[in-house]
Amino acid sequence: KAGVTQTPRYLIKTRGQQVTLSCSPISGHRSVSWYQQTPGQGLQFLFEYFSETQRNKGNFPGRFSGRQFSNSRSEMNVSTLELGDSALYLCASSLGDLPNTEAFFGQGTRLTVV
Amino acid sequence: GIQVEQSPPDLILQEGANSTLRCNFSDSVNNLQWFHQNPWGQLINLFYIPSGTKQNGRLSATTVATERYSLLYISSSQTTDSGVYFCAVTTGNQFYFGTGTSLTVIP
């Protein structure tokens, strides 16, 4: 059974550009959530999607957005990139509601903004 | 949001030694998972343990939800156990992560 797949694995962008990251969950999983990991802030929640609906959003500016498609694949977009957006972005998938099921993470996308 | 504290922040062990990592959380939670972050950044599932005790080889974990803590035991540590260990709790549909324990196992 394939795991959670994130693409691309590495990305270098220039300040002011925008970027789109992709996450394909485990087959059959309907919940996808996104996290940002930086050395200073640790792992922080960005947003969670379930059956194409955003159910929860973390404390990030509006430049961070996402969506989920009918096949449960999810994308997150960051517009007007800033140097501080350099981070490891991780997505997790779970079969159902997170409180009741185990979540599995992808390998992450390492974004560097220069 | 929920506060999650992990201790110790750093741990250096000789190969073969045992260790206990602790995770305290500030409020009632629905779920708790332990992860090991590999050198490439991926979070590898160790335990899904909202309560009780589980064992998997040299690793075991115990969560006492009523007292708001969880423990991860590593026995007979190996160099491949090195890395950062995170506990994460859920309430609602998001994880709250601790700051991690960085483990280094020396041959």
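Above this text you will find the structure in question.
Residues numbered from 1 in each chain as written. Chains lettered and ligands numbered in written order. Predicted model: local features only at pLDDT ≥ 70, side-chain atom pairs only at ≥ 80, totals over all residues. Heavy atoms only, no water.

### Structural notes on the overall build of chain B
A count of helical and extended segments in chain B gives 0 helices and 11 strands. A compact globule built from 107 residues would reach a C-alpha radius of gyration of about 13 Å, and chain B, at 13 Å, matches this within 12%. For the C-alpha atoms alone, the extent of chain B along its principal axes is close to 40 × 25 × 20 Å. Scored against the burial criterion, the 107 residues of chain B give a buried share of 51%. Residue pairs at least 24 apart in sequence account for 54% of intrachain contacts in chain B once pairs closer than 6 positions are excluded. If you sum the accessible surface of chain B, you get close to 4,900 Å²; carbon and sulfur atoms cover 48% of it. (Helix = DSSP H or I, 4+ residues; strand = E, 2+ residues; numbered from the N terminus. Rg over C-alpha atoms; globule rule 2.2 N^0.38 Å. Buried < 20%, exposed > 50% of the residue type's maximum accessible area, 1.4 Å probe, protein only. Contact = heavy atoms within 4.5 Å. Areas by Shrake-Rupley, 256 points an atom, 1.4 Å probe, with all protein chains shown as cover.)

### So, the state of the cysteines
Going through the model one piece at a time under the given rule, you end up with 2 disulfides over all chains. With a sulfur-sulfur separation of 1.9 Å, A:Cys23 is cross-linked through a disulfide to A:Cys91. Between A:Cys23 and A:Cys91, the disulfide has an S-S torsion of 70° and is therefore right-handed. Of this pair, A:Cys23 sits in strand β3 (residues 19-24) while A:Cys91 is found in strand β9 (residues 87-94), placing the two residues 68 residues apart along the sequence. One disulfide in the model links B:Cys23 with B:Cys87; its S-S distance is 1.9 Å. Here the disulfide of B:Cys23 and B:Cys87 is right-handed, its torsion about the S-S bond being about 65°. You can see B:Cys23 sitting in strand β3 (residues 19-25) and its partner B:Cys87 sitting in strand β9 (residues 83-90), a full 64 residues away along the chain. (Disulfide = S-S within 2.5 Å.)

### Quick word on the packing of aromatic side chains
Following the criterion strictly, the structure yields 13 aromatic pairs over all chains and no others. Where A:Phe105 meets B:Phe97, the ring centres are 6.0 Å apart and the plane angle is 65°; that geometry is what we call edge-to-face. Of this pair, A:Phe105 sits in strand β10 (residues 103-105) while B:Phe97 sits in strand β10 (residues 95-97), on two different chains. The same class applies to A:Phe105 as to B:Phe97, namely buried. (Phe/Tyr/Trp six-rings, centres within 6.5 Å; stacked < 30°, edge-to-face > 60°.)

### Concerning the sheet that holds strand β7 (residues 64-68) of chain A
Residues and elements named next belong to chain A. Strand order in the open sheet formed by 4 strands is β1-β3-β8-β7, with antiparallel pairing between adjacent strands. Every other strand in the sheet has two partners, leaving β1 (5-7) and β7 as the edge strands with one partner each. Here the strands of the sheet are splayed against their neighbours by 15° on average, with no regard to which way each runs. Strand direction decides the pairing type here: β1 and β3, joined by 3 bridges, are antiparallel. Paired with Gln 6 across the bridge in β3 is Cys 23. (Pairing = 2+ DSSP bridges. Axes fitted to C-alpha atoms, helices over the stretch in contact; angles between N-to-C directions.)

### Some points on the pairing of strand β11 (residues 109-113) of chain A
All names here are of chain A. Here β11 shows a buried face lined by Thr 109, Leu 111 and Val 113 and an unburied face lined by Arg 110 and Thr 112. As paired strands, strand β2 (residues 10-13) and β11 are joined by 4 bridges and run parallel to one another. Of the residues in β11, the one forming a bridge with Tyr 10 is Arg 110. Sheet analysis places β9 next to β11, joined by 3 bridges and oriented antiparallel. Within the sheet, the bridge partner assigned to Tyr 89 lies in β11 and is Thr 109.

### Quick notes on the nonpolar core
Core analysis: the largest hydrophobic core is formed by 22 residues, its most contacted members being B:Phe25, B:Trp34, B:Phe47 and B:Leu72. Apart from the residues lying within four places of it in its own chain, the contact partners of B:Phe25 are B:Ile2, B:Gln3, B:Val4, B:Leu32, B:Ala65, B:Arg68, B:Tyr69, B:Ser70 and B:Val89. The next biggest cluster of nonpolar side chains, apart from the first, holds 21 residues, and it includes A:Leu21, A:Leu46, A:Leu81 and A:Tyr89. (Core = buried A, V, L, I, M, F, W, Y, C linked by side-chain atoms within 4.5 Å.)

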